[in-house]
Amino acid sequence: QVQLAESGGGSVQTGGSLRLSCVASGYTYSNYCMGWFRQAPGKEREGVARISGVSGTTYADSVKGRSTISKDNAKNTLYLQMNSLKPEDTAMYYCAAATTYSGACATLIIDPLRFDYWGQGTQITVTS
């Protein structure tokens, strides 16, 4: 089965940058819809960005213009570059794959219910 492992989180000051990585292993395919999500204490999990080979990329309005999702198929790795970080970006960040619903990337809504494999998460903390 697909296994995902995130890394790259940490504590940064407002305006700083981080690059998150997610390494996929197991029975993976380059055309899976992949996404990044985040969840802060007391809030529901929300979609940040998603990517697929045929559908391209989509970003949440809150991060559009300062974040970039990408993948390296040869390395089975998904990335999320986040710049100009704000305190409101503080959350646990998860990568996920949609292996059973191929249409997860065929919509502008980044719906966590359409993703069936999840990593353990990596924390981003942005201080003032």
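Conventions we followed
- Residues numbered from 1 in each chain as written.
- Predicted model: local features only at pLDDT ≥ 70, side-chain atom pairs only at ≥ 80, totals over all residues.
- Heavy atoms only, no water.
- Helix = DSSP H or I, 4+ residues; strand = E, 2+ residues; numbered from the N terminus.
- Rg over C-alpha atoms; globule rule 2.2 N^0.38 Å.
- Buried < 20%, exposed > 50% of the residue type's maximum accessible area, 1.4 Å probe, protein only.
- Contact = heavy atoms within 4.5 Å.
- Areas by Shrake-Rupley, 256 points an atom, 1.4 Å probe, with all protein chains shown as cover.
- Lys, Arg positive; Asp, Glu negative; His and termini not counted.
- Charge placed at Lys NZ, Arg CZ, Asp CG, Glu CD.
- Pairing = 2+ DSSP bridges.
- Core = buried A, V, L, I, M, F, W, Y, C linked by side-chain atoms within 4.5 Å.
- 1 Å grid on protein atoms, 1.4 Å probe; cavity = no way out; pocket = protein on both sides within 12 Å on 5 of 7 lines; lining within 4 Å.
- Points joined across faces, edges and corners; volume = space filled by probe spheres on them.
- Nonpolar A, V, L, I, M, F, W, Y, C, P; charged D, E, K, R; others polar.

Visitor: Summarise the overall build of the protein; cite the residues concerned and give the values.
Guide: Looking only at helices and strands, the protein has 0 helices and 11 strands in total. Reading the protein from its N terminus to its C terminus gives the helix and strand order β-β-β-β-β-β-β-β-β-β-β. Whereas a compact globule of 128 residues would reach a radius of gyration of roughly 14 Å, the protein reaches 14 Å, a difference of no more than 12%. By its C-alpha atoms, the protein is 40 × 25 × 25 Å across when sized along the principal axes. Evaluated residue by residue, the protein yields a buried proportion of 42% over its 128 residues. In the protein, once contacts between residues fewer than 6 apart in sequence are set aside, the share between residues at least 24 apart is 61%. Of the roughly 6,700 Å² of accessible surface on the protein, a fraction of 47% belongs to carbon and sulfur atoms. Averaging the positions of the 11 positive and the 9 negative side-chain charges in the protein gives two centres separated by 5 Å.

Visitor: I'd like to hear about the environment of Gly-103, residue by residue, with values.
Guide: Its location among the elements puts Gly-103 in the loop between β9 (91–98) and β10 (117–118). Between the C-alpha atoms of Gly-103 and Glu-44, which are 59 residues apart in sequence, the distance is 22 Å.

Visitor: I'd like a description of the pairing of strand β5 (residues 46–52), backed by residues and values.
Guide: Most of β5 sits inside the fold, with 6 of its 7 residues counted as buried. Here strand β4 (residues 33–39) runs beside β5; their pairing, made up of 5 bridges, is antiparallel. Each bridged residue has a counterpart across the sheet, and for Phe-37 the counterpart in β5 is Gly-47. What sits between β4 and β5 in their antiparallel hairpin is a turn of 6 residues, with Gly-42 showing a positive phi close to 80 degrees. As paired elements, β5 and strand β6 (residues 56–59) share 4 bridges and run antiparallel to each other. Bridged to Ser-52 within β6 is Gly-56. Taking the residues between adjacent antiparallel strands as the criterion, β5 and β6 are bridged by 3 residues.

Visitor: Any chance you could break down the nonpolar core for me, citing the residues and the numbers?
Guide: The biggest cluster of nonpolar side chains holds 28 residues, and the ones touching the most others in it are Leu-4, Trp-36, Ile-69, Leu-78, Leu-80 and Tyr-93. Contributions of two or more residues to this core are made by β3 (18–25), β4, β5, β8 (77–82), β9 and β11 (122–127). Ignoring any residue separated from it by four or fewer positions in sequence, one finds Tyr-93 in contact with Glu-6, Leu-20, Phe-37, Arg-38, Val-48, Leu-80, Met-82, Gly-121, Thr-122 and Ile-124. In this structure, Phe-37, Ala-104, Cys-105 and Phe-115 belong to the second largest nonpolar core, which totals 8 residues.

Visitor: So, empty space enclosed by the protein: which residues are in play, and what are the values?
Guide: Vacant regions in the atomic arrangement are exposed by a probe of water-molecule size rolled over the atoms. Per the stated rule, a full pass over the model turns up 1 cavity of 30 Å³ or more. Taken as a whole, the largest cavity spans an internal volume of roughly 160 Å³. Every residue lining the largest cavity is counted, 14 residues in all, and those nearest its centre are Ala-24, Tyr-29, Met-34, Asn-73 and Asn-76. Elements represented by at least two residues in the lining of the largest cavity include exactly β3, β7 (67–72) and β8. Within the lining of the largest cavity, the residues separate by chemical class into 7 nonpolar, 5 polar and 2 charged.

Everything listed is a geometric property; what it means functionally is a separate question.
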